[in-house]
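# Structure assessment
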Amino acid sequence: MTHDALQSVPWQITGNHWLSLPCVHPADASLHAIGVLHRGARAAVEFAGSAAFLTGTGPALARPVLERDGARIELGANGIVWERALHWLPTFTCTVGDLVIRGTVFAPFGQDADIAGACYAIAVENRGPSDAHIALSLEGVLGHRQLRVVTPRPLEDGHRVTVRGDVVILDGAEPPGHVALAVAADGARGATADVTGPHSYRVRRPLVIPAGARSETAFYVGAGPERDGACATVEVLRRRGWKQLLTGTRDAIRTLEQTTGMESVDSLINRNMLFAYFYGVGRALDDAHFYLVRSRAPWCTRGVTIRDWEALAWTVPAVQLGDPPLARELILRACEIHGYAPGRGVHYFDGTLFEPGFTLEGCSSYAIAVERYIRDTGDDQIVEEPILADTLYHVADDLDERRDDIHGLYKTEVTLSGAPAPQPFMMHGNAVVAAAIDALRRTLAEEDASELPDPDTLRSTLKRSFTAEGGGKPVFVSASDLGGHATLADDPVGSLAWLPLFEGIERSDSTYRRTAKGTAGPPGHLARQIGRLFGPDASATLEWLRRAPLDHGLAAEFVDEEGKATSSGGDAALSGLLAYAVWFTVQTHGVRP
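Everything numeric here is computed off the predicted structure, so don't read it as measured data.

## Side note on the overall build of the chain
Along the chain, the regular secondary structure elements total 14 helices and 32 strands. Here the C-alpha radius of gyration of the chain, 26 Å, is about what a compact globule of 593 residues would show, namely 25 Å. Projecting the C-alpha coordinates of the chain onto the three principal axes gives extents of approximately 85 × 45 × 45 Å. For the chain, with 593 residues in total, the buried portion stands at 62%. Of the contacts formed within the chain by residues at least 6 apart in sequence, a portion of 64% connects residues at least 24 apart. Summed over all atoms, the accessible surface of the chain reaches about 21500 Å², with 49% contributed by carbon and sulfur. Measuring between centres, the 55 positive side-chain charges of the chain sit 6 Å from its 74 negative side-chain charges.

Listed below in structure tokens is the structure:
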């Protein structure tokens, strides 16, 4: 599978902030990869059954298997049906003779369930006339380990599979291994763990199910920075028990759900909001801190890098819909990690600069995120946090350095798409700056706020400076040198369709409406298409998004006219933008499909 291809398998996806489980195979419920963030490596560390795990054709990292009367039966051999409980918990049902097997794959989440682990919960119902003597096993191969920032790099030391009591341990042969996994069955009685080959294992649990009865068990996977920590985690999972963990996880996810009164729209919002919540945000296994990333999905071409704008204007608003306390923590973490040089480019998730390129939007995103948080939660005490205050002063200083003294507008280096700015002054960037200055005037100390430019004057200036004739009527241009040269071509990520979100231009403004219609064209970039929710075609756009296949229901950077992903799928930050923009326009503007 090439780096920029889409997932070739319609994977069942789940996980928590510690572990990503992006590759649960729909054919047999096998798990082909597990990922964690590692701050020391500045990368995702991923364990898989084979290097070709994204194709779904190699051996699985973990596969549930049923044995009956000595015969091995893979789940799904006679078909398997999937549902997604609460839009995030994959559950399956299959039949083997007179046995009905139901299972749930989940990573614990919620208060007292925030654990670096995962569970396979399996229930077997015996509809036959006699007792069923069976064994359930979780078996697999540790065939590949990799580090991934954007592209994968195999770990060169050997893979190691060992047994400690009734626990299987998967790790690397040489230190530092970054990550170890431990696999165990629910309850110690009768369970066995074996190494079945050079890199393969089996954890087995025998069961006797009376006729007409039902039996339940589970397998656990715990992660740690090294093998002892992984074993400790799997023991915690066993002590808590899968029933308690699943109940807590369901209850916690239920609190995140959003509702608009339209079932299909709710599904679009919640599916993408949860993907952004768990795959655009992660806790590093080696320091337990939260980090914002573009996506933890291994097929996302942007990897686990991040730009300030994507973190604070795409992911955090979606998180804030369901979990304002976490949104608060993420805003402060972004300030701590990236706020020393706001808007300077794309970063590794630990704050190290990955790709330089200053954007006005990235620099402004801190002030806008704080303003949105205070407006929606009423928690104005956040401005008392020292790291936030320092960051906002950095924002004000850096914006001031970019201000043109003659025209009163602000210069940028690159667009949000990452391309060099076609002209020094961009309309989208200056509209965002005006919103940021509005926020800074309300959050900085009074004497410092009074020295900031007037945002209303800035908005009037940008309307005059970025207006040109298009088809005999005025339209906005995306960029200008303010000396007679202008660029009409719209930046797909920093599209002019988004202008009403920054309050300086109304959705009903005639010049804006003409401009927004001019940005329509074939969808191509999903970010631009989402921006059309703010324009005159909002209802048609919402209907299009509601029906769009996307990347199996999740955001992809590029889509075709039908909304099917064409490349750069599994984009968690963009899923956050999609979820928030749909929720905002439905709730605030009353948009309906």
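## Let's talk about the side chain of Asp-490
By the element assignment, Asp-490 lies in the loop between β29 (486-487) and α11 (510-518). Within the structure, the side chain of Asp-490 is placed 2.5 Å from the side chain of Ser-495, a separation counted as a polar contact. Each residue touching Asp-490, except ones within four places of it in the same chain, is listed here: Ser-478, Ser-495, Leu-496, Thr-519 and Arg-528.

## A few points about the sheet that holds strand β10 (residues 117-126)
Taken in spatial order, the eight strands line up as β7-β8-β9-β10-β19-β16-β15-β14 in an open sheet, and their pairing is antiparallel. Each edge of the open sheet is held by one strand with a lone partner, namely β7 (81-85) and β14 (159-164). Pairs of neighbouring strands in the sheet enclose a mean axial angle of 20°, with direction left out of account. With eight bridges connecting them, strand β9 (residues 99-106) and β10 associate as antiparallel partners. Paired with Ile-101 across the bridge in β10 is Val-124. Contacting β10, β14, β15 (167-172), β16 (180-185) and β19 (214-224), helix α1 (residues 227-240) runs over the sheet at an angle of about 150° to β19.

## A look at the environment of Ser-568
Tracing the backbone through its elements, the reader meets Ser-568 in the loop between β32 (565-567) and α14 (572-589). Classification of Ser-568 as buried rests on a relative accessible area of 6%. Each C-alpha atom of the pair Ser-568 and Arg-302 lies 7.7 Å from the other, and the pair is 266 residues apart in sequence. Separated by 3.0 Å, the side chains of Ser-568 and Thr-301 make a polar contact.

## Thoughts on the sheet that holds strand β22 (residues 305-307)
Pairing is antiparallel in the open sheet, where three strands are placed in the order β22-β23-β24. The two strands at the open ends of the sheet, each matched to only one other strand, are β22 and β24 (353-356). For this sheet, the mean angle separating the axes of adjacent strands, direction not counted, is 25°. Bridge count for β22 against strand β23 (residues 345-348) is three bridges, and the pairing is antiparallel. For Thr-305, the partnering residue across the bridge sits in β23 and is Tyr-348. Packing of helix α4 (residues 308-322) onto the sheet brings it into contact with β22 and β23, and relative to β22 it is tilted by some 75°.

## Description of the nonpolar core
In this structure, Trp-88, Leu-526, Ile-530, Leu-545 and Val-582 are the most contacted members of the largest nonpolar core, which totals 142 residues. Tallying contributions element by element places α14 first for this core, with eleven residues. Discounting chain neighbours no more than four positions away, the residues touching Ile-530 are Trp-498, Leu-545, Leu-574, Leu-577, Leu-578 and Ala-581. Core analysis: the second largest hydrophobic core is formed by 56 residues, Val-36, Ala-193, Ile-209 and Val-221 among them.

## Thoughts on helix α5 (residues 324-338)
With 15 residues, α5 ought to run about 21 Å at 1.5 Å a step, and its terminal C-alpha atoms sit 21 Å apart, in line with that. If you check which residues of α5 are buried, you get Leu-326, Ala-327, Arg-328, Leu-330, Ile-331, Leu-332, Arg-333, Ala-334, Cys-335, Ile-337 and His-338.

## What about the layout of surface pockets?
Considered as a void within the structure, the largest pocket measures approximately 560 Å³ in volume. Around the largest pocket, the lining comprises 30 residues; the ones closest to its centre are Arg-375, Pro-500, Leu-501, Phe-502 and Glu-503. Elements that contribute at least two residues to the lining of the largest pocket include exactly α4, α6 (360-377), α8 (427-443) and α14. When residues in the lining of the largest pocket are grouped by element, the largest group, six residues, is from α14. Split into classes, the residues belonging to the lining of the largest pocket amount to 18 nonpolar, three polar and nine charged. If you trace the second largest pocket, you find 21 residues lining it, with Arg-294, Arg-302, Arg-307, Glu-310 and Ser-417 closest to the centre. Elements represented by at least two residues in the lining of the second largest pocket include exactly β22, α4, β24 and α12 (526-531).

## Some remarks on the packing of α4 against α5
Each packed pair of helices is defined by two parameters, the angle between the axes and the distance between the axes. Direction vectors running N to C along α4 and α5 enclose 160°, while the axes themselves pass 7 Å from each other. Looking at the two axes, α4 sits roughly antiparallel to α5. Of the two elements, α4 crosses α5, and the hand of that crossing is right-handed. Two secondary-structure elements touch here, α4 through Asp-308, Leu-312, Val-316, Val-319, Gln-320 and Gly-322 and α5 through Pro-324, Leu-326, Ala-327, Leu-330, Ile-331, Ala-334 and His-338. Of the residues contributing to the contact of α4 with α5, the split by class is nine nonpolar, three polar and one charged.

About the criteria used
Residues numbered from 1 in each chain as written. Predicted model: local features only at pLDDT ≥ 70, side-chain atom pairs only at ≥ 80, totals over all residues. Heavy atoms only, no water. Helix = DSSP H or I, 4+ residues; strand = E, 2+ residues; numbered from the N terminus. Rg over C-alpha atoms; globule rule 2.2 N^0.38 Å. Buried < 20%, exposed > 50% of the residue type's maximum accessible area, 1.4 Å probe, protein only. Contact = heavy atoms within 4.5 Å. Areas by Shrake-Rupley, 256 points an atom, 1.4 Å probe, with all protein chains shown as cover. Lys, Arg positive; Asp, Glu negative; His and termini not counted. Charge placed at Lys NZ, Arg CZ, Asp CG, Glu CD. Polar contact = N/O pair within 3.5 Å; in protein donor to acceptor, adjacent residues only side chain to side chain. Pairing = 2+ DSSP bridges. Axes fitted to C-alpha atoms, helices over the stretch in contact; angles between N-to-C directions. Core = buried A, V, L, I, M, F, W, Y, C linked by side-chain atoms within 4.5 Å. Expected span 1.5 Å × (residues − 1). 1 Å grid on protein atoms, 1.4 Å probe; cavity = no way out; pocket = protein on both sides within 12 Å on 5 of 7 lines; lining within 4 Å. Points joined across faces, edges and corners; volume = space filled by probe spheres on them. Nonpolar A, V, L, I, M, F, W, Y, C, P; charged D, E, K, R; others polar. Parallel < 35°, antiparallel > 145°, perpendicular 65-115°, else oblique. Left-handed = near helix turned anticlockwise from the far one by under 90°.

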